[in-house]
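Next come the chains, spelled out residue by residue.
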Amino acid sequence: MKKDNSDLSTSLEKLYSEQVEEGFISPTIVKQVRSLQVIPNTQNTHFFHLQFNPARAKRGIAEKQNPNPIHTIPYKDGVPCFLCQDNIQYQWPNEKWVSKNLNNRLFHFYPNPSPIFPHHFTVASHEHRGQSIDFSTNLHLLDILPNYWIIQNGEGAGATNPWHFHFQIFTTLKQLPLSVTPSLYSHSISLGDTTCILERLDLPLPVFKFQFKPSSPHKRYQGYSYIQEFLQSTLQHFYNIHPDNRINIITINRSLGTVDIYIALRNKGVRTDMYVSGQPGYAEIAGIVSTIRESDTKRWLQKGYGLYQQLLSDISIPESQYAPFEQSLLSLVE
Ligand SMILES: [Zn+2]
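Residues numbered from 1 in each chain as written. Predicted model: local features only at pLDDT ≥ 70, side-chain atom pairs only at ≥ 80, totals over all residues. Heavy atoms only, no water.

Trainee: Is there a simple way to think about the overall build of the protein in this case?
Mentor: Check the secondary structure of the protein and you find eleven helices and 16 strands. What you see for the protein is a C-alpha radius of gyration of 19 Å, in line with the 20 Å of a compact globule of 334 residues. With the C-alpha coordinates of the protein rotated into their principal frame, the extents come out at 55 × 50 × 40 Å. When burial is assessed residue by residue, the protein has 53% of its 334 residues classed as buried. Here the protein displays about 14700 Å² of accessible surface, and carbon together with sulfur accounts for 48% of that area. Between the averaged position of the 29 positive side-chain charges in the protein and that of its 28 negative side-chain charges there is a distance of 4 Å. (Helix = DSSP H or I, 4+ residues; strand = E, 2+ residues; numbered from the N terminus. Rg over C-alpha atoms; globule rule 2.2 N^0.38 Å. Buried < 20%, exposed > 50% of the residue type's maximum accessible area, 1.4 Å probe, protein only. Areas by Shrake-Rupley, 256 points an atom, 1.4 Å probe, with all protein chains shown as cover. Lys, Arg positive; Asp, Glu negative; His and termini not counted. Charge placed at Lys NZ, Arg CZ, Asp CG, Glu CD.)

What follows is the structure, encoded as structure tokens:
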């Protein structure tokens, strides 16, 4: 185990290269992650990336099963929790990690053996506790890893293992559709003592973008906690749902310290026949569809952007339902 307290980014890069050299992450997968096909809509105004990545089929499958796990996943026939370190050590003996304290909690950065993105890591708490949307840790990660995108899926929004608290982080090769999608509107909103720009993205799924311009860290963190409280109160008030469950959060550090926070509101756990198992998560919202079978790739190529639009609207909270949430946000316009 490696302990890093200085330059986390350098340690992660080094670990990743070692794990590729050692064959834990196959060089073929690294190539697949870098080969993306752009699928535009007919007007060429929107697009998504298609990735053929059969290695994804192996995710969650252990090399050997731990016979005496401390924690298991009850709804998955009691398989050992695949983000608990004792199980990882047993099940993936070649997996290595970097550890760091974030917000007084110990986390381990594990290279993802079936990545979707370059330098794709799962950042899991040492402690086995349920998934919980945590802006503070998410944004702390962004501050110390400004070249990474930081992601969190809620329990009902594509988290593969919602029984163990975790984030995903990765670097990007090129601009992902999410970061260049046009906005339907843009307003300056007031968040207590601070302000940010609110935008609603032109996607068939309500994605709200909060952009913080460079300011003192104290002010930014005040703004972040305002958003977290706002989500908690409005989502519970209007829909009786907890943000831990039905949202995806994607945060990006733009150049010169401008921070973008994307929040996607999701419908009740949706499974779709477009996927062999599980449900879509942040990757699809960020604009990458990763297929594990050639027949699925063919289908996506045939149907093109229309199928992606369908997927996003399938996983979206219905328009009639998110209007009150949006109105509450717009009441903050200065
Ligand atoms: Zn666990």
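Trainee: Explain the layout of surface pockets here, please?
Mentor: The gaps left among the atoms become clear once a water-sized probe is rolled over them. Roughly 180 Å³ of internal volume is contained in the second largest pocket. Taken together, 13 residues line the second largest pocket, and the ones lying closest to its centre are W149, T172, I252, N253 and R254. Per-class residue counts for the lining of the second largest pocket are five nonpolar, six polar and two charged. (1 Å grid on protein atoms, 1.4 Å probe; cavity = no way out; pocket = protein on both sides within 12 Å on 5 of 7 lines; lining within 4 Å. Points joined across faces, edges and corners; volume = space filled by probe spheres on them. Nonpolar A, V, L, I, M, F, W, Y, C, P; charged D, E, K, R; others polar.)

Trainee: Got a minute to help me understand the coordination of the zinc ion in this structure?
Mentor: Under ideal tetrahedral coordination, the four donors around a metal are separated by 109.5 degrees; under ideal octahedral coordination, the six donors are separated by 90 or 180 degrees. Those donors, C81 (SG), C84 (SG), H128 (ND1) and H164 (ND1), are the protein atoms that reach the zinc ion, and they lie 2.1 to 2.3 Å from it. The coordination sphere of the zinc ion comprises four donor atoms, whose angles at the metal cover 97 to 116°; the geometry is tetrahedral. Site description for the zinc ion: donor spacing in sequence, C-x2-C-x43-H-x35-H. Of this pair, C81 sits in the loop between strand 5 (79–80) and helix 3 (85–91) while H128 sits in the loop between strand 8 (121–125) and helix 4 (135–144), placing them 47 residues apart in sequence. Under the relative-accessibility criterion, C81 is labelled buried at 0%. Classification of H128 as partly exposed rests on a relative accessible area of 22%. (Donors = N, O, S within 2.8 Å, 3.2 Å for Na, K, Ca; no water. Tetrahedral: all angles 85-135°; square planar, octahedral: opposite > 155°, others 65-115°.)

Trainee: Is there a simple way to think about the pattern of salt bridges in this case?
Mentor: Pairing between side chains of opposite charge can happen when the charged atoms of each approach one another. If you walk through the whole model with that rule in mind, you get nine salt bridges. Notably, a salt bridge pairs K14 with E18, separated by 3.5 Å at the nearest N-O pair. Linking K14 with E18, this pair stays in helix 1 (residues 8–21), spanning four residues, or about one helical turn. Across the salt bridge formed by E326 and R200, the nearest N and O atoms sit 3.5 Å from each other. (Salt bridge = Lys/Arg side-chain N within 4 Å of Asp/Glu carboxyl O.)

Trainee: Any chance you could explain the packing of aromatic side chains here in plain terms?
Mentor: A complete count under the given rule lists 18 aromatic pairs for this structure. Their ring planes at 90° and their centres at 6.0 Å tell us that F24 and W92 sit as a pair that is edge-to-face. With F24 in the loop between helix 1 and helix 2 (27–34) and W92 in the loop between helix 3 and strand 6 (98–102), this pair connects stretches of sequence that are 68 residues apart. W92 shares its class with F24; the two are buried. Linked through ring pairs, F48, W300, Y305 and Y308 together constitute an aromatic cluster. (Phe/Tyr/Trp six-rings, centres within 6.5 Å; stacked < 30°, edge-to-face > 60°.)

Trainee: What am I meant to see in the pairing of strand 6 here?
Mentor: Within strand 6, four of the five residues are buried, leaving the element largely enclosed by the surrounding structure. Across five bridges, strand 6 lies against strand 7 (residues 105–111) in antiparallel orientation. Among the inter-strand pairings, N101 is bridged to a residue of strand 7, identified as L106. From the end of strand 6 to the start of strand 7, which pair antiparallel, there are two residues, and N103 there has a positive phi angle of about 50°. (Pairing = 2+ DSSP bridges.)

Trainee: Looking at this structure, I do not really get unusual backbone geometry. What am I missing?
Mentor: It is generally the case that most residues other than glycine have a negative phi and that most peptide bonds are trans. In this structure, N44 is a non-glycine residue whose phi angle is positive, near 60°. Relative to the helices and strands, N44 is located in the loop between strand 2 (37–40) and strand 3 (47–52). According to the relative accessible area criterion, N44 is exposed, its value standing at 62%. For N104, which is not glycine, the phi dihedral falls at a positive 65°. Checked against the element boundaries, N104 lands in the loop between strand 6 and strand 7.

Trainee: Before we go on, may I ask you to explain empty space enclosed by the protein in this structure?
Mentor: In total, this model carries two cavities of 30 Å³ or more according to the counting rule given. Approximately 30 Å³ is the volume attributed to the second largest cavity. Lining the second largest cavity, in full, are Q131, I151, Q152, N153, H166, F167 and Q168. Of all the secondary-structure elements, those providing two or more residues to the lining of the second largest cavity are strand 9 (149–153) and strand 10 (166–170). Classifying every residue of the lining of the second largest cavity gives two nonpolar, five polar and no charged.

Trainee: Sorry if this is basic, but what is going on with the confidence of the model for the protein here?
Mentor: The predicted model of the protein averages 86 in pLDDT, with 91% of residues at 70 or higher. Contacts from residues 1–5, a stretch scored under 50 in pLDDT, to residues over four places away or in other chains number 16 contacts. (pLDDT = per-residue confidence, 0-100. Contact = heavy atoms within 4.5 Å.)

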